[in-house]
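# A structural walkthrough
Spelled out from the first residue to the last, the chains are:
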Amino acid sequence: MALLDVKGIAKRYREDRPPVLAGVDLTVREGEYLAIMGESGVGKSTLLNLIAGLDRPDKGSIRLDGTEVSALDDDAATLLRRRQMGFVFQAFHVLPYLTSAQNVGLPLVLLGTDRRERDSRVAEMLAAVGLGGTGAHYPRELSGGELQRVAIARALVHRPRLVLADEPTGNLDPRTAGQVLALLQAQIRVGGGAGILITHSLAAARTADRILTLTARGLESTGGVQQGGP
Amino acid sequence: MSPLRLWLMLWRAQWHEGPLRMTVPVLAIALGIALAAAVYFVNHSALEEFEQAARRLAGEADLVVRGPSEGFAEDLYPQIAKLEGVAVASPVLAIDVSLPGAPRPLPVIALDPFRATRVQPGLLGEIAGGLRGFFEPDGIFLSMRAADALEAGTGDRFEVLVGNAPRSVRVLGLLSDTAYPQALGIMDIAAAQWMFGRLGRLTRIDIRLVRGAALADVHSSIELLLPAGVTVAAPAIDSDRLASATRAYRVNLSMLALVAVLTGAFLVLATQSLAILRRRPALALLRALGVTRGGLERALIAEGVVLGLIGAALGVALGLLVARWAMRVLAGDLGAGQLAGATGSLAVQPLEMLAFVAAGSVFAGLGAWLPAREAAARSPALALKSGDAQAGVGTTRPWRAGLILMGLGGVLALLPAIQGVPLFGYGAVALLLTGAVLLVPDVAERLLGSVPAMRRAPLALAVAQLRGSTAQVSIGLVAIIASFSLMVAMAIMVHSFRESFVAWLDTVVPADMQLRVGQVGSTATLTETDEIAVSRIEGVARSEFRRVLPLALRRGAVPVALIAMPIDEASAAERLVLVKAVRGRGPSQLPPVWVSEAMVDLYGWGPGTEVVLPLAGGDLAARVAGAYRDYGRSGGSIVIPRKVYASASGDSAVNEGSLWLARTADAAAVEAAIRARAPFGEALQIRTAAEVRDISLRNFDRAFAITYALEAIAVFIGLLGVSVAAASTALARRAEFGMLRHIGLRRRQVVTMLAAEGVLTSAIGVCFALLLGGLLSLALVYVINRQSFLWSIDLAVPWLALAVLAATLLIAAAITATLSGRAALSGDAVRAVREDW
Ligand SMILES: Nc1ncnc2c1ncn2[C@@H]1O[C@H](COP(=O)(O)OP(=O)(O)O)[C@@H](O)[C@H]1O
Ligand SMILES: [Mg+2]
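Attention here is on the structure that accompanies the text. (Residues numbered from 1 in each chain as written. Chains lettered and ligands numbered in written order. Predicted model: local features only at pLDDT ≥ 70, side-chain atom pairs only at ≥ 80, totals over all residues. Heavy atoms only, no water.)

In terms of regular secondary structure, chain A is built from seven helices and ten strands. Contacts in chain A between residues at least 24 apart in sequence constitute 69% of all its contacts with a sequence separation of at least 6. Carbon and sulfur atoms make up 48% of the accessible area of chain A, which totals about 9800 Å². (Helix = DSSP H or I, 4+ residues; strand = E, 2+ residues; numbered from the N terminus. Contact = heavy atoms within 4.5 Å. Areas by Shrake-Rupley, 256 points an atom, 1.4 Å probe, with all protein chains shown as cover.)

And the structure:
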């Protein structure tokens, strides 16, 4: 059954410009890990933001688990993100004044998870991303790869149904990027949720189950490089 | 690219990024400098004008012989005129003439026109038109100001009080405003001696020397001729007299200037520090690109100096405008009635203006220096890492230096005044404040550390954020702590003063009704017959009469008030607010007198001292039986038993009285009866005790009203600093807010988080400032007040007012934080996370 069902969405920021998105369709199944590629400025991030309920499409529908995301008001969309989604950003966005454990624990604090469970889930998650023992460190003491692993732990700690990663390796060297992508893929799989990875690197995209390319015409399957499911 | 070009480019970029951020520190320093400069210019202009007027009066005299207000025998005059080296001697009788129903007496200078015009050539032109009438026994020349007040023109008559009787005088002519800006009358000396019952008396002799004569020689040969109580000096002394008379009110203004300057300085320091912190990654980039450490440091300091220069120039201009306005509106008198003679023109001094501009830029340079050093010393590699703008600031905690400065401040507080100005006291306040500000980071860290863990995410995040950025939090607080603590200290001092003042009023004005003849002048009196008549009026249960007159104890000093009233050693404690007393008569058989605290400080007349009073009838030896508080007369006063005074001086007249009314008596009826009884009834000033109290307190409150207004401005400027810090931090944290919105924080929760940060921050600031203000108030009450007003007050804390002030500030801070949070969130969260930081 489809977890995410995007139909015919269009988005235009300025009247004097062509629309960024026009008639985009996308279906993501439960547990599926998908990569979206495309040139810079083609509207990948815009698509992600619409899915996350951070912005509204001009046309079309976005259903997450049957809920029409684009119809939600700001608070409802916020709650949906809090419970069902996880995010990884290109620039990490780890809070500098919190330790890595506190950063990872943020979603659980927001969900009101009790302290004991929170601590154990955070420790578990940090260990899973290979940062066991660095829970008391502050972001300034960590390298870029480590920061992004903290961000991945934060994105997954509350077991979201959908993880959205917008160019998570854009600020990392290829080796570290490889490690981080492998980790992301593995952890999404372990958590049982679905994931959308946005990237413009083919190598990165290949870690996903399916690769789509966003162009001005819409989302297209990229034949040839498609890999099978597990 | 040359370094200068590089910096110009960077400044332009900064300006485009946020004009407000660059404008606000400039405006802050402009306001600080404007406040200080305006206060200074008003003060200075008024004093300058007075000094000039005094000079004009003394004319071109080289030496002035001065006696007590009762005067000295005129035989002295021919003796001095004959001395070798004396070209002209001009005899003068200066008297304050009481006017019926007028609040102030008219100062009258009586002189011999022929001699006087040789000392003051300008005078001849002034009186030439009326010279023929000059010798008429009732003729007077009036200055424009006096003529306006009396509503009298040339040829008109008006009444003056002599003893208890009105006399009529005729206006011979008007003196020009430029020569005599103050209210003044000029008469012929013989006529005045006759009219005011001062036959054979002079109060002054103006002397011009033969060209080439040695001033010191003539001075000493005159000195040999002088009887006790008469002195000779160069005429510059009058301005000192004035300065000491206005001192009390200038303390107020000096404190204000201090508040203004310190608030401005700290605000500049804070804004500069935060601006440099925020720019850390950019600065690190410059270092990485090859700007040297010293080069960076110098550039940042130069930037501070330039901002300070612009701000201070604006500030001086603004200060001049404000001063000009204030001089016009208040006629050079900021509410205390002390400078009533000034006409309100503003003297502009280019040198002083430059000094203010220089001071402003120096402060700004200093403000930039510390953060610049830190920024330059920072490893570029570290600073370039994301998140560094928030981290690892101010690891060297300056609490040790803070304690040392506060200790030094404590020591300064113990030092005496310099020429009546509590310079060390002000120094102590500045040091205590600066030292305390250095303790803020540590105190803030402790306080934040003690905040319990919060369950709600926005609150927990707010606390974590503040804990992680104690240094910035502290810097942002500096200006508000400076201005608010000084305001608290001033509020405590004024409240203490007011409470002590009220208690004093209750003691010195115990009767139901007060009466006074011709308010301040010394020519109007009541005789013993009048006294008895008043005491027998129906409804008057008890009465007491006093003789109050000025007594010149030392040349150049403001005359002290001599108060002859029914008092003895047994009743002294009830009639006066005694602060020190000596019990028992001791070996001395001399009559007792009591002195105000100012006498102890100015003349060393402590309890137990034996003193000599130069009364009209001759010197009187007395012993000081105690010291009392006198909030009515800052120049000093002496209380003497009336019987002692009357027998020593032969003066049994009185000019003030207190009446206790019978329980059934109607105050208005009694007042009417008194006025009807006395031939001079119209001239009597009769007030109920309640009125005296009201008027005194109203005057008191008015004198401090301007203080509060200007202080509120200072606190507002401080608050402005806090909000700018909050707003700029909020802007810098937009990416953080964006991320929080992504992971599920509601918009409202982000705003709550910011408001919580604002309230918590300002709560720390307010608590700290309250404590610090309490400490500073001790210096104000026990050092600055004591040394400049020469009277003591008891410490009293206005709890309610302070609580209201503190709450207001907290609410304002919460509102500011919320607004800046809203502003930061107004751009969408979506774009915020895309910004690379
Ligand atoms: N909030 C916005 N307002 C106006 N234009 C926007 C906004 N967000 C994105 N755009 C424009 O939409 C286009 C697509 O942007 P984006 O989705 O970020 O591209 P991508 O992530 O594929 O690089 C770009 O041309 C961008 O300038
Ligand atoms: Mg993008």
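What follows picks up the thread again.
Residues and elements named next belong to chain A. Within the chain, Asp65 stands out as a residue other than glycine whose phi angle is a positive 55°. Take Asp65: it is sitting in the loop between β4 (59-64) and β5 (67-68). A positive phi angle is found at Glu167, which is not glycine, with a value near 45°. If you trace the backbone, Glu167 turns up in the loop between β7 (162-166) and α6 (174-191).

Another point: the environment of Leu110 of chain A. Relative to the elements of secondary structure, Leu110 of chain A occurs in helix α3 (residues 100-111). When its relative accessible area of 9% is taken as the criterion, Leu110 of chain A is described as buried. Sequence separation of Leu110 of chain A and Arg83 of chain A is 27 residues, and the distance between their C-alpha atoms is 9.3 Å. What Leu110 of chain A contacts, discounting residues up to four positions off in sequence, is Arg82 of chain A together with Ala457, Ile743, Gly744 and Leu745 of chain B. (Buried < 20%, exposed > 50% of the residue type's maximum accessible area, 1.4 Å probe, protein only.)

Residue and element names in this part refer to chain B. Formed by 61 residues in total, the largest nonpolar core has its most connected members in Leu433 and Leu776. Mapped onto this core, the elements with two or more residues apiece are α10 (247-278), α16 (423-449), α18 (470-508), α24 (689-732), α26 (747-789) and α27 (799-826). The dominant element in this core, judged by the number of residues it contributes, is α18, at 21 residues. When neighbours within four sequence positions are excluded, Leu776 is seen to be in contact with Val429, Leu432, Leu433, Ser485, Leu486 and Ala489. (Core = buried A, V, L, I, M, F, W, Y, C linked by side-chain atoms within 4.5 Å.)

This brings us to the sheet that holds strand β6 (residues 85-88) of chain A. All names here are of chain A. One open sheet accounts for six strands, arranged β6-β7-β8-β3-β9-β10; its pairing is mixed. Every other strand in the sheet has two partners, leaving β6 and β10 (218-221) as the edge strands with one partner each. This sheet shows a mean twist of 20° between the axes of neighbouring strands, independent of strand direction. Running at roughly 80° to β6, helix α2 (residues 74-84) makes contact with β6 and β7 of the sheet. (Pairing = 2+ DSSP bridges. Axes fitted to C-alpha atoms, helices over the stretch in contact; angles between N-to-C directions.)

We now examine α6 of chain A. Since one α-helical turn is 3.6 residues long, residues separated by three or four positions face the same way. All names here are of chain A. Over its 18 residues, α6 runs 25 Å from end to end, which matches the ideal 26 Å to within 8%, given 1.5 Å per residue. Every buried residue of α6 is accounted for by Thr176, Ala177, Val180, Leu181, Leu183, Leu184, Gln187 and Ile188. Considered in projection along α6, the buried side chains sweep an arc of 165° and stay on one side of the axis. Seen from the buried face of α6, the exposed residues on the opposite side, beyond 90 degrees, are Pro174, Arg175 and Val190. With its phi angle positive at about 80°, Gly192 sits one or two positions after the end of α6. (Expected span 1.5 Å × (residues − 1). Arc of directions from axis to C-beta.)

A word on a nonpolar patch on the surface. Residue and element names in this part refer to chain B. A contiguous nonpolar surface patch, about 460 Å² in accessible area, is contributed by Val362, Phe363, Leu366, Trp369 and Leu370. By the secondary structure assignment, Phe363 is in helix α13 (residues 350-377). Among the residues examined, Phe363 registers a relative accessible area of 31% and is labelled partly exposed. (Patch = residues over 30% accessible without salt bridge, like charges linked within 9 Å, V, L, I, M, F, W, Y side chains within 5 Å. Salt bridge = Lys/Arg side-chain N within 4 Å of Asp/Glu carboxyl O.)

Considering all chains together, one arrives at 26 salt bridges over all chains under this definition. In this structure, the salt-bridge partner of Glu68 of chain A is Arg63 of chain A, at a minimum N-O distance of 3.9 Å. For Arg63 of chain A, a relative accessible area of 39% translates into the label partly exposed. A salt bridge links Asp119 of chain A to Arg115 of chain A, with the shortest nitrogen-to-oxygen separation between them at 3.9 Å. One end of the pair, Asp119 of chain A, and the other, Arg115 of chain A, are both in helix α4 (residues 115-128), four residues apart, so they sit about a helical turn from each other. Using a relative accessible area of 42% as the deciding quantity, one classes Asp119 of chain A as partly exposed. Each of Glu544, Arg546, Arg575 and Glu656 of chain B takes part in one network of salt bridges that share partners.

This part takes up the sheet that holds strand β1 (residues 63-66) of chain B. Residue and element names in this part refer to chain B. Across the sheet, which stays open at both edges, the nine strands sit in the order β6-β7-β5-β8-β4-β3-β10-β1-β11 with mixed pairing between neighbours. The open sheet terminates on both sides in strands that have one partner only, identified here as β6 (157-162) and β11 (231-233). Going from strand to strand, the sheet's axes swing by 30° on average, the running direction of each strand aside. The sheet contact formed by strand β5 (residues 139-143) and strand β7 (residues 165-175) spans five bridges and is parallel. Bridge assignment links Ile140 to a residue of β7, and that residue is Val171. Across the sheet, helix α8 (residues 215-225) is in contact with β1, β3 (86-97), β10 (204-209) and β11; its angle to β1 comes to roughly 15°.

Let us now look at the pairing of strand β20 (residues 656-661) of chain B. Residue and element names in this part refer to chain B. Taking burial as the measure, the six residues of β20 include six buried ones, the bulk of the element. Of the two faces of β20, both are covered, the one formed by Glu656, Ser658 and Trp660 as well as the one formed by Gly657, Leu659 and Leu661. Across four bridges, strand β12 (residues 513-517) lies against β20 in antiparallel orientation. By the bridge assignment for β20, Gln514 is matched with Ser658. Pairing geometry for strand β13 (residues 540-551) and β20, over six bridges, is antiparallel. Residue pairing for β20: Val540 is matched across the bridge by Leu661.

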